[in-house]
Amino acid sequence: MMSCFPPCFDCHHGTFGSCRPTSLARDANKGPTTAAQVTVAFEGTITCEDKAAGIQEELAALAATNASEKAQKHVCVEEQAVVVTSDCPANLKLADVSEEVQAPSLANELDEEAGLPPLGVKWQVLYEQKPFSPKSLFPPLIWIPQYWRTYHGGIREEDRPYVGELPFSLKGDTIAGLTVGVMLVPQCLAFALLAGLPIQTGLYSSFLPLLVYALFGTMRQVQTGPTALMCLLTGQALDSLGVTTAGPRIAGATLMALLVAAISILLGMLRVGGVVNFISHTVLSAFSTAAGITILTSQIKDVLGIKIPRSKYWWETVKDLVLTVDETHVPTFIMGLTILVVLLTLKYWKSAGSAEKRGKHLIWRFFPKNKSSLAFRSLKLVADLSSLLAVLTGGLWAWAYRAAGVEGVKLVGTVQTDGLTAGLPGEGYYSELFGDSTLFVSAATIAVVGFLESVAVGGKFAAMSKYIFDPNQELIALGLANLASSFVSGFPVTGGFSRSAVNVTFGATSLLSVVISSLLVLLAVYILLPAIALLPLASMAPIIMQGAIVFIDVHEFQVAFRSYPGELLVMIATLIVSLALTVKEGLLAGFVCSVLKTLYEIANPNLALVGEIQGNFRDMRYFPQAQQAPNAVVVRMDAQVHFANSGKLKDFVFKAVQVRESMGTKIDYAVIDGKSVNSIDLTGCQMLEGLAEALAGRKQKLVVANLKAPIAALLHTTGVQKHIQKYGGQLCLDLHEAMELITDPAADWGPAADKVSGLVETRGLVAKSPGGSMSPKARQAEPVGAATP
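Calculation rules
- Residues numbered from 1 in each chain as written.
- Predicted model: local features only at pLDDT ≥ 70, side-chain atom pairs only at ≥ 80, totals over all residues.
- Heavy atoms only, no water.
- Helix = DSSP H or I, 4+ residues; strand = E, 2+ residues; numbered from the N terminus.
- Buried < 20%, exposed > 50% of the residue type's maximum accessible area, 1.4 Å probe, protein only.
- Contact = heavy atoms within 4.5 Å.
- Pairing = 2+ DSSP bridges.
- Expected span 1.5 Å × (residues − 1).
- Salt bridge = Lys/Arg side-chain N within 4 Å of Asp/Glu carboxyl O.
- pLDDT = per-residue confidence, 0-100.
- Patch = residues over 30% accessible without salt bridge, like charges linked within 9 Å, V, L, I, M, F, W, Y side chains within 5 Å.
- Areas by Shrake-Rupley, 256 points an atom, 1.4 Å probe, with all protein chains shown as cover.
- Core = buried A, V, L, I, M, F, W, Y, C linked by side-chain atoms within 4.5 Å.
- Phe/Tyr/Trp six-rings, centres within 6.5 Å; stacked < 30°, edge-to-face > 60°.
- Lys NZ or Arg CZ within 6 Å of the ring centre and 35° of its normal.
- Axes fitted to C-alpha atoms, helices over the stretch in contact; angles between N-to-C directions.
- Parallel < 35°, antiparallel > 145°, perpendicular 65-115°, else oblique.
- Left-handed = near helix turned anticlockwise from the far one by under 90°.
- Nonpolar A, V, L, I, M, F, W, Y, C, P; charged D, E, K, R; others polar.

Here's the deal with the overall build of the protein
(1) Moving on: Within the protein, the secondary structure is distributed over 36 helices and 11 strands.
(2) Moving on: Expressed as a percentage of its 789 residues, the buried residues of the protein come to 49%.
(3) Moving on: If you take every contact in the protein between residues at least 6 apart in sequence, the share linking residues at least 24 apart comes to 76%.

Written as structure tokens, this is what we have:
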């Protein structure tokens with residue numbers, strides 16, 4: 001019996017099952033029930049209590065005419081399970097009296113009387129595509145009315161997928177927006193320095209892009225803006241173009257944002273948000289680790305108070321640091337190191353876990369542990385606003401140095417204070433910037449990585465609160481945000497993890513919090529810019545370094561080392577190339593390596609000699625006690641059968657036959673267990689024909705069994721079945737049936753062959769079904785295969 005969370009088809013009560021009747025599957029485990037119940041469960045769809053009660057008598061009558069006079073009956077209509085119970089003796093259990101009746105026509109009639117969609121319609125909903133709605137292109141048309149209804153009459157049932165378990169809260173959005181806005185100002189300034197851009201461009205990239213994202217985004221708790229990873233990619237791309245002065249770098253950054261916008265919007269309009277799934281998790285982990293190492297290294301100079309040229313490659317930066325480390329400015333180093341230690345302490349304390357874990361920790365035991373205490377909440381607020389703490393501390397520290405006559409502390413310096421200005425992206429530098437294809441490659445990389453970063457952040461919080469978002473619309477929203485950034489002297493932006501986490505912590509429930517944060521940034525543009533010139537670089541660098549540490553993922557390398565050697569090689573290649581060249585080339589190298597690894601695995605699938613144990617067919621390597629057929633070998637390939645691996649399957653079959661024969665066993669049949677095969681191409685079909693013919697030359701026959709319905713129908717229509725039968729072999733839908741026929745010399749293979757032939761008509765019905773979904777006939781023909789280790 002299946003759980004029931006989607007809404008009722010008839011009354012649409014309760015997306016989360018507010019109207020679902022009691023599940024008999026649960027009650028049956030406890031013993032017999034005395035209350036008359038009806039539960040209709042069909043792939044997650046149920047009827048309401050009142051509708052179920054309305055058909056109880058007819059179902060009971062059906063059960064009574066097809067079973068004994070026992071009080072409890074079980075009627076199973078195809079995959080729609082209808083359970084009827086009535087008062088019964090305490091010693092009567094459901095399993096003792098259950099009976100199955102195939103009655104789809106009656107089920108349709110009962111559904112019709114109950115006001116439900118017919119059986120043949122209900123399950124097809126699973127395969128239907130969501131219809132396009134113009135509102136999806138401008139999400140505020142969806143969530144603003146829901147916001148209003150939260151405070152005026154309550155949300156509607158159709159709102160639940162969007163609201164999830166996170167009801168809208170104006171108070172939460174306001175507090176979160178103000179808090180993140182205070183946090184964003186120092187962060188965006190620091191990230192601009194990471195990209196090698198004038199510090200005010202960080203503020204420019206944190207106002208209009210946020211407003212635009214709020215109008216078009218669907219991830220309710222994501223805070224967009226500059227991030228360490230995007231700024232690193234932007235800075236390295238500008239370094240590759242050879243632009244070093246402020247004017248060309250700003251022009252290059254705006255042009256980069258424009259290209260990122262165009263690529264993102266195009267991908268979103270083409271509805272290919274899933275294209276990013278072709279970059280594996282291991283590649284992204286290694287790429288992020290390399291990015292974190294690169295960012296950390298680039299900021300050491302500001303903490304040490306030394307001056308080295310901006311380098312294109314990570315190893316050049318390391319070399320310059322080693323050669324100039326003796327020039328460390330001690331007062332600057334003391335300030336920078338102190339701020340960095342405080343930031344990291346607050347960061348790791350905040351994520352230290354439960355009070356019990358904190359109490360056992362060597363250091364955190366001396367910090368507040370009770371999450372409900374005022375001391376804990378106060379310190380957590382300080383940790384959330386640690387970026388602001390770093391800037392204020394650094395500013396006061398630098399003032400104290402000046403007052404004490406300490407010289408040599410490097411400050412941000414001159415800052416343009418004209419406020420926001422609009423302009424064309426790349427204006428005045430088109431010929432200089434467009435002459436290099438690196439710009440386009442870098443923009444494509446930034447677009448993909450930015451989308452991945454944003455969806456990884458927003459998707460996590462959406463899953464936690466169980467509300468939906470549209471990845472394709474996210475591409476469009478990020479594209480439009482970057483488009484806005486390109487016209488206000490900004491650089492590429494995306495969703496940031498640390499700010500989004502704080503946004504969630506302080507109760508954000510909608511993108512209204514993003515709007516509030518952007519307005520704070522706008523105030524900073526016109527009020528704080530003059531004061532920013534006096535901030536020491538040693539107070540900005542720790543902010544960047546704190547964010548960079550998040551990207552370094554040693555754990556993934558450890559897991560790959562222990563369990564996935566192939567993945568480890570891909571990760572190492574990605575890391576090495578990223579550090580030797582740039583992270584852009586590292587990402588490309590990781591992608592190529594992961595594709596080559598995938599191709600290798602496709603061409604070399606798992607091939608197994610299987611035997612029977614307790615009714616299941618298992619790999620003999622892991623279950624040596626499994627019994628093999630006396631006159632046959634059974635092999636299984638856990639992959640699609642196509643041109644890259646069909647030869648391997650053929651060779652393995654011959655080798656398995658030869659090994660059994662060398663042990664003195666006479667082999668009459670070679671059986672291929674097709675349970676794991678869900679696709680086969682023409683090369684695979686030709687391989688089966690050739691294998692059948694070759695085995696016939698050895699006076700042996702080929703049997704292909706345990707086939708999925710579409711594969712069996714395909715082998716029939718391509719003539720493979722007739723070719724195999726010509727040489728004495730057969731196709732069979734069920735492996736157990738095939739083994740019984742193999743062991744009986746007088747067995748009639750006709751019925752098994754007829755089942756395969758009958759699937760041709762079924763396959764036609766499948767093709768005509770909505771969305772290519774499987775018809776009732778196909779479901780009846782689909783075999784239930786043995787479990788696989």
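So, the pairing of strand S6 (residues 607–613)
(1) Moving on: Burial within S6 is extensive, with five of its seven residues counted as buried.
(2) Moving on: Here three bridges tie S6 to strand S8 (residues 632–637), and the two strands are oriented antiparallel to one another. Bridging from a neighbouring strand, alanine 608 pairs with arginine 636 of S8.
(3) Moving on: Pairing geometry for S6 and strand S7 (residues 616–619), over four bridges, is antiparallel. If you follow glutamate 612 over to S7, its bridge partner there is phenylalanine 617.

Looking at helix H7 (residues 140–151)
(1) Moving on: Between its first and last C-alpha, H7 extends 17 Å over 12 residues, near the 16 Å set by a 1.5 Å rise per residue.
(2) Moving on: Listed in full, the buried residues belonging to H7 are Pro140, Ile142, Trp143, Gln146, Tyr147 and Arg149.
(3) Moving on: Of the surrounding elements, those touching the buried residues of H7 are helix H8 (160–163), helix H9 (170–194), helix H11 (208–216) and helix H24 (512–527).

A look at the pattern of salt bridges
(1) Moving on: A full pass over the atoms with the stated rule returns 18 salt bridges.
(2) Moving on: With a shortest N-O distance of 3.9 Å, aspartate 302 and lysine 301 are connected by a salt bridge.
(3) Moving on: Shared partners join several salt bridges into a network, and the residues in it are Asp239, Arg249 and Arg310.

Focus: the confidence of the model for the protein
(1) Moving on: Summing up the model confidence of the protein, the mean pLDDT is 81 and the portion of residues at 70 or higher is 79%.
(2) Moving on: Note that pLDDT drops below 50 for residues 1–59; the model gives that stretch 123 contacts with residues more than four away or on any other chain.
(3) Moving on: Counting contacts from residues 765–789, a segment whose pLDDT is below 50, to residues more than four positions away or on other chains yields 57 contacts.

What to know about a nonpolar patch on the surface
(1) Moving on: A cluster of nonpolar side chains, contributed by Leu266, Leu270, Val272, Val275, Phe278, Leu588, Phe591, Val592, Val595, Leu596, Leu599 and Ile602, occupies part of the molecular surface with about 1000 Å² of accessible area.
(2) Moving on: If you tally residues by element for the nonpolar patch, the top one is helix H29 (residues 583–603), at seven residues.
(3) Moving on: Take leucine 588: it is sitting in helix H29.

Concerning the nonpolar core
(1) Moving on: Core analysis: the biggest nonpolar cluster contains 101 residues, and Leu189, Leu203, Tyr213 and Ile532 have the highest contact counts within it.
(2) Moving on: With residues near it in sequence (within four places) discarded, isoleucine 532 still touches Leu189, Ile199, Leu203, Val412 and Val415.
(3) Moving on: Counting 37 residues, the second largest nonpolar core, distinct from the first, contains Val635, Ala709, Ala712 and Ala713.

Let's talk about the packing of aromatic side chains
(1) Moving on: Throughout the structure, instances matching the rule amount to 10 aromatic pairs.
(2) Moving on: Judged by centre distance (6.3 Å) and plane angle (50 degrees), the ring pair of tryptophan 143 and tyrosine 147 falls under tilted. Residue tryptophan 143 and its partner tyrosine 147 are located together in helix H7, separated by four residues, close to a single helical turn. When sorted by exposure, tryptophan 143 lands in the same class as tyrosine 147, which is buried.
(3) Moving on: When the centroid spacing of 6.5 Å and the interplanar angle of 20 degrees are considered together, the rings of phenylalanine 461 and phenylalanine 497 count as stacked. Separated by 36 residues along the polypeptide, phenylalanine 461 in helix H21 (residues 438–465) and phenylalanine 497 in helix H23 (residues 497–505) bring together distant segments of the chain.
(4) Moving on: An aromatic cluster of three or more residues is present, and its members are Trp143, Tyr147, Tyr151 and Phe168.
(5) Moving on: Above the plane of the ring of tryptophan 349 lies arginine 358, whose end atom (NZ or CZ) is 5.1 Å from the centre.

Description of the sheet that holds S7
(1) Moving on: Overall, mixed pairing links the six strands, which are arranged S7-S6-S8-S9-S10-S11 in an open sheet. What marks the edges here is a single partner per strand, and that holds for S7 and strand S11 (730–731).
(2) Moving on: Two strands pair when backbone bridges link them, and S8 and strand S9 (residues 669–673) are joined in this way by five bridges, in the parallel orientation. Residue pairing in the sheet places valine 633 in a bridge with alanine 670 of S9.

Section: the packing of helix H14 (residues 281–304) against helix H15 (residues 314–324)
Packed helices, taken two at a time, are described by the angle between their axes plus the distance between the axes.
(1) Moving on: Following both chains from N to C, one finds H14 and H15 inclined at 30 degrees, their axes separated by 10 Å at the closest point. In terms of their interaxial angle, H14 and H15 are classed as roughly parallel. Pair H14 / H15 crosses with left-handed handedness. For the pair H14 and H15, the contacting residues are Ile293, Thr294, Thr297, Ser298, Ile300 and Lys301 in the first and Trp314, Thr317, Val318 and Leu321 in the second.
(2) Moving on: A breakdown of the residues in the contact of H14 with H15 according to their chemical character gives five nonpolar, four polar and one charged.

Some points on the packing of H14 against helix H28 (residues 565–580)
(1) Moving on: Two numbers describe how H14 lies on H28: the axes approach to 8 Å, and their chain directions differ by 30 degrees. If you check the angle between H14 and H28, you find them roughly parallel. Classified by chirality, the crossing of H28 by H14 is right-handed. Contacts between H14 and H28 involve Thr282, Val283, Ser285, Ala286, Phe287, Thr289, Ala290, Ile293 and Thr294 from the first element and Glu567, Val570, Met571, Thr574, Leu575, Ser578 and Leu579 from the second.
(2) Moving on: Partitioning the contact of H14 with H28 into residue classes produces nine nonpolar, six polar and one charged.

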